[in-house]
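These are the residues of each chain, in order.
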Amino acid sequence: MSDYYRQPIAVFGLIIPIVVSVIMAGSVLYYTGSVKKEYAAKQKEYDLSQQAKRKIKMLRGQVNENRESLDAWDDLLKTETRGTFLQHWKDASEDFNGKELTKTSRSWINFSEGIGKGVSQPSSQVVMSFVGTYRAMQQALMNLETQLPTMQLDSLDMSPEDNGKGVKFTTTYTVWTLR
Amino acid sequence: MTEHKHPSELNPYQQYRRSVKVAKSTSRMKCLAWYQDALDLDVQIHCYLKDDSGVDCYLHVKSGDVFEKLGAINAAQLEQRDFLEQFIDEALEHEVCRSTKSLGVIFYLADDFSLAGLGPEFKNPIELPNLRQKMCDAPKEVLDDKTISTDTHAWRLFPYAGAAAGTEFATAVAVSQHRSETLKMLREIGNDKNFPIRTCGLSAPLCAIGLVPLFATANQEGSVCLFNYHTFTLMAFFNGHGDLMVLRNMPHPNGATLPANIGPAIQATATAFEMEKPDIRVLSMVGNDIQSLPLMLQQSIPGSHGYVINAHELLENHALSTDIPLECIAVTREIDPELYPLAANETFTSLREDCWHVQDFFSPHQEELDMYPDRSDMKILRFGRRIRKIAALVIACVLVYGAFNVFTKVNSDVWNHQPIDHVAETKKLTGEIARFEHWNNLLMDRSKGWVCLELVSLITPADGSVSLRSVKHNVTLRKDGNSGKSGFSKKWVIIGYANELGIEHLEKDCTSDGISKLFLKVAQSTENAAYLPELGQRDITVSLAPRFNPSYNNYSRENAGSEFTRMFTLTITQNITADDVMALVASN
């Protein structure tokens, strides 16, 4: 029996190949692991990006959906002045004669003491008095409020006219403005 | 260049390379025969060296129980490698062994035999196993005579199982190393041909001792067996149980077939062992005429019985041809103790189990063994190969796995994705939406004059039983905590006149349920959600206070309402909390 070969065979034929294999496999697994780790980070970023894309798509859809209304409101807010308000009132009361509806007074203040008082959005307040019939008044207010959605009713007082022939209306509106 | 160097001269890597080369270029890794004893192989050539003239050769195939004479090789031919190679090739062409993968060559050394005593320090039979190994490795340390040559002779131990206590328990047996080179040459031929040739050099007289149970029985008086060879006669003395007590060797005078004065020699030894009338059995191992020997011995030892053993009969009893050497029976046949009772005693049991009689005198030197890796080395090498294959497979799998993983990941959309800053666009869009929600909230139909008038008109019955004197409606914001939203309250204070029917109407409609129904009706007819009563964040309270009309005048109707007997004050309050959809968001 010879002992010369056993150790070299064990070292070169067994231990070194195993160690080299382990190192190689370990290196590959380590590299794969680092790629996986990097991929996971990129995946997270990608997911966030996709999520953001989906969110933007959704937001765009929502903005597009709102576009028409918002444009209309922007136009309204940009173009409406006290002068145009009078014109709207005239248009709203055109269908009625003097007996049915007559505006008796109108006054503006540059701030709101009503609904607009606790709100950051600038507003003004308009007080208008009318004499007329109930239905004419209701019809006129409907026309006016439909054309000017910026108007929010703060108060409405209604009482018979002194001569008993009509009804006196006093309305106070908060009107939302841009400034 | 390193092929013929001893491994001690090689560095570890060269030693490994040699192992690999041996494994690749020879059958030593696959063929077990390289590591087996010659006697264990299926095909064997038995060579009987009876004198200096040469050897008689016999082919033996164990599996087919074939024993056939091949011919003779003379002394000169035994030293010629080419002849030996040719002889083996021809022998292996024999029909019965054509497909063999290995060959055992067994030399029976009958040309020389000598005995020597052990040193006086070796008195304990328990030491036998250690002494046996020591006798192979360093015979001088064991022998009594330190001047004996260990270069020209090979020494082995042989035990005396029947030795009395205090007497010699073993002896040293020597044979000439003269033919060891022939066996080495045969092994080299095998190495060169990548064909396992295993060799064995047996002492023919020791093999002959193994034959004793075939022709002898135990005798109370003891017995002596004489094995007659060409140049010497071996005397074996057995006690009453048939156990070997001692061996004596007597050389023959020049040209004689018998030793001189053998009778007195036997008598002297027999007397020493107190054997008065031993049985004397004589066996001619090489065909010498010894018929007169028993008579001669009986004259020297009166009362003893002499027998000449018939060698031919022994061979025929074991189905062997009469030209086969007798020793072959001891080497190739199992001696059944049931048929031959003497085989069951201590001496022959020990021979059988420990193979004392078939010891290899010409076993290869350590230097020769060192030239090739042994079986366990080959096993480690093979195991290493398997491990490397598995490791290669594992690495391949890991590489494929890694490459697939890396490839799929590197080529994916995720890997190549270039991050885009969505924040600005998101902020812009969110701002747009917030602006929409801001205005949508502000512009909600939470308080409209025409809807308010619709409610008042629905409260007033159409049959004229109720007449309104005044209506006051106002809306006030209600801040709830820090929610950032504001609820609001709408209040209607309606003062009017009514007759009894009108009061009945009012009392019927101006309950909580009645007012809620009226609000629902207003909400449905005007599509104004602010009047929906059933939402959880809203409540409506109502109070009706009827009373007599102080200005009632049944006769004069100058004053408004004087025709109605009753007056009333109706107060309706609708509260909308900050949690309601109608709540104002953009509060300070």
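Bear in mind the structure is a predicted one, so any value in this text is a computation, not a measurement. (Residues numbered from 1 in each chain as written. Chains lettered and ligands numbered in written order. Predicted model: local features only at pLDDT ≥ 70, side-chain atom pairs only at ≥ 80, totals over all residues. Heavy atoms only, no water.)

Our focus in this paragraph is the sheet that holds strand β6 (residues 153-159) of chain B. Residue and element names in this part refer to chain B. One open sheet holds the three strands; their spatial order is β5-β7-β6, and the pairing between them is antiparallel. Two strands close off the open sheet at either side, each with one partner strand: β5 (114-116) and β6. The average angle at which neighbouring strand axes cross in this sheet is 35°, direction not considered. Two strands pair when backbone bridges link them, and β6 and strand β7 (residues 170-176) are joined in this way by seven bridges, in the antiparallel orientation. Bridged to H153 within β7 is S176. Helix α3 (residues 128-137) rests against β6 and β7 of the sheet, and its axis sits at about 170° to β6. (Pairing = 2+ DSSP bridges. Helix = DSSP H or I, 4+ residues; strand = E, 2+ residues; numbered from the N terminus. Axes fitted to C-alpha atoms, helices over the stretch in contact; angles between N-to-C directions. Contact = heavy atoms within 4.5 Å.)

Moving on: the interface of chain B and chain A. With 78 residues of chain B at the interface, the matching set in chain A holds 75 residues. The largest per-residue losses of area from chain B upon contact with chain A belong to W415, W439 and L453 of chain B, which jointly make up 10% of the total buried on that side. Counting across the chain B and chain A interface gives seven salt bridges. Note that E432 of chain B and R67 of chain A form a salt bridge whose closest N and O atoms lie 3.1 Å from each other. The interface formed by chain B and chain A contains 29 residue pairs in polar contact (both at pLDDT 80 or more). The element contributing the most residues to the side of chain B that touches chain A is helix α13 (residues 375-410) of chain B, with 17 residues. Looking at the side of chain B that touches chain A residue by residue, the class counts come to 38 nonpolar, 24 polar and 16 charged. (Buried area = accessible area lost by both parts, 1.4 Å probe. Salt bridge = Lys/Arg side-chain N within 4 Å of Asp/Glu carboxyl O. Polar contact = N/O pair within 3.5 Å; in protein donor to acceptor, adjacent residues only side chain to side chain. Nonpolar A, V, L, I, M, F, W, Y, C, P; charged D, E, K, R; others polar.)

Glancing now at the packing of helix α16 (residues 449-459) of chain B against helix α18 (residues 512-526) of chain B. Residues and elements named next belong to chain B. At a minimum axis separation of 10 Å, α16 and α18 run at an interaxial angle of 135°. Classified by the angle their axes make, α16 and α18 are oblique. Relative to α18, α16 is oriented so that their crossing is right-handed. Each of W450, V451, E454, L455, L458 and I459 in α16 lies in contact with α18, whose residues at this interface are L518, F519, K521, V522, S525 and T526. Of the residues in the contact of α16 with α18, the class split is eight nonpolar, two polar and two charged. (Parallel < 35°, antiparallel > 145°, perpendicular 65-115°, else oblique. Left-handed = near helix turned anticlockwise from the far one by under 90°.)

In this section: the nonpolar core. By size, the foremost hydrophobic cluster in this structure holds 119 residues, and its most contacted members are L118, F215, L226, F227 and Y229 of chain B. Non-local contacts of L118 of chain B, meaning those with residues more than four positions away in its chain, are made with L131, M135, V142, L143, D144, L157, E168, F169, A170, T171 and A172 of chain B. Among the nonpolar cores identified, the runner-up in size contains 65 residues, and L148 and Y173 of chain A together with C452 and C510 of chain B belong to it. (Core = buried A, V, L, I, M, F, W, Y, C linked by side-chain atoms within 4.5 Å. Buried < 20%, exposed > 50% of the residue type's maximum accessible area, 1.4 Å probe, protein only.)

Of all 10 residues in strand β3 (residues 151-160) of chain A, seven are buried, a share of seventy percent or more. With nine bridges connecting them, β3 of chain A and strand β4 (residues 167-176) of chain A associate as antiparallel partners. The residue bridging Q152 of chain A from the neighbouring strand is T174 of chain A, located in β4 of chain A. Linkage of β3 of chain A to β4 of chain A, two consecutive antiparallel strands, is achieved through a turn of six residues, within which G164 of chain A is found at a positive phi near 75°. Note: β3 of chain A against strand β14 (residues 466-479) of chain B, four bridges, orientation antiparallel. By the bridge assignment for β14 of chain B, D157 of chain A is matched with K472 of chain B.

Residues and elements named next belong to chain B. Two elements in contact, helix α2 (residues 81-92) and helix α4 (residues 180-192), have axes separated by 10 Å at closest approach and are oriented at 65°. Two packed elements cross with a definite hand, and for α2 against α4 that hand is right-handed. For the pair α2 and α4, contact is made by R81, L84, E85 and I88 and by T182, M185, L186, E188, I189 and D192, respectively. Taken together, the residues that form the contact of α2 with α4 break down as five nonpolar, one polar and four charged.

Residue and element names in this part refer to chain B. Pairing in this open sheet of five strands is mixed, and the strands run β3-β2-β1-β4-β8 from one edge to the other. The open sheet has two edge strands, β3 (66-74) and β8 (197-203), and neither has a second partner. Shown here is a sheet whose adjacent strand axes are inclined to one another by a mean of 20°, direction ignored. One ladder, built from seven bridges, connects strand β4 (residues 103-109) with β8; its direction is parallel. Within β8, the residue paired with I106 across the bridge is C200. Together, β1 (43-51), β2 (54-61), β3, β4 and β8 form the strand contacts of α2, whose direction differs from that of β3 by roughly 160°. Sitting on the sheet, α4 touches β4 and β8, and the angle it makes with β8 is about 165°.

All names here are of chain B. Residues G502, I503 and L506 constitute the buried set of helix α17 (residues 500-509). Along α17, the residues classed as buried sweep out an arc of 100° about the axis, all on the same side. Exposed positions of α17 whose direction lies more than 90 degrees from the buried face are E504 and K508. The inward-facing, buried residues of α17 contact α16, β14, β15 (486-498), β16 (538-548) and β17 (566-576). Measuring from the backbone nitrogen of L501 back to the side-chain oxygen at the start of α17 gives 3.1 Å, which picks out N499 as the cap. (Arc of directions from axis to C-beta.)

Our next topic: the confidence of the model for chain A. Summary statistics for chain A give a mean pLDDT of 89 and a share of 99% for residues scoring 70 or more. No element of chain A has a lower mean pLDDT than helix α2 (residues 82-93) of chain A, which averages 83, and none a higher one than β3 of chain A, which averages 94. (pLDDT = per-residue confidence, 0-100.)

A word on the side chain of S112 of chain A. All names here are of chain A. Position of S112 among the secondary structure elements: in the loop between β1 (101-109) and β2 (123-132). A distance of 3.0 Å separates a polar atom in the side chain of S112 from the backbone nitrogen of G114. Polar contacts involving the side chain of S112 include one to the side chain of T174, which spans 2.6 Å. Those residues within four positions of S112 in sequence are excluded, and the remaining contacts are K117, S123, S124, Q125, D154 and T174.

Let us now look at the environment of P259 of chain B. Residues and elements named next belong to chain B. On the secondary structure map, P259 appears in the loop between β11 (244-251) and α7 (262-272). As for P259 and F232, which are separated by 27 residues in sequence, their C-alpha atoms are 6.9 Å apart. When residues no more than four places from it in sequence are discounted, the contact partners of P259 are T233, M250, P251, H252 and P253.

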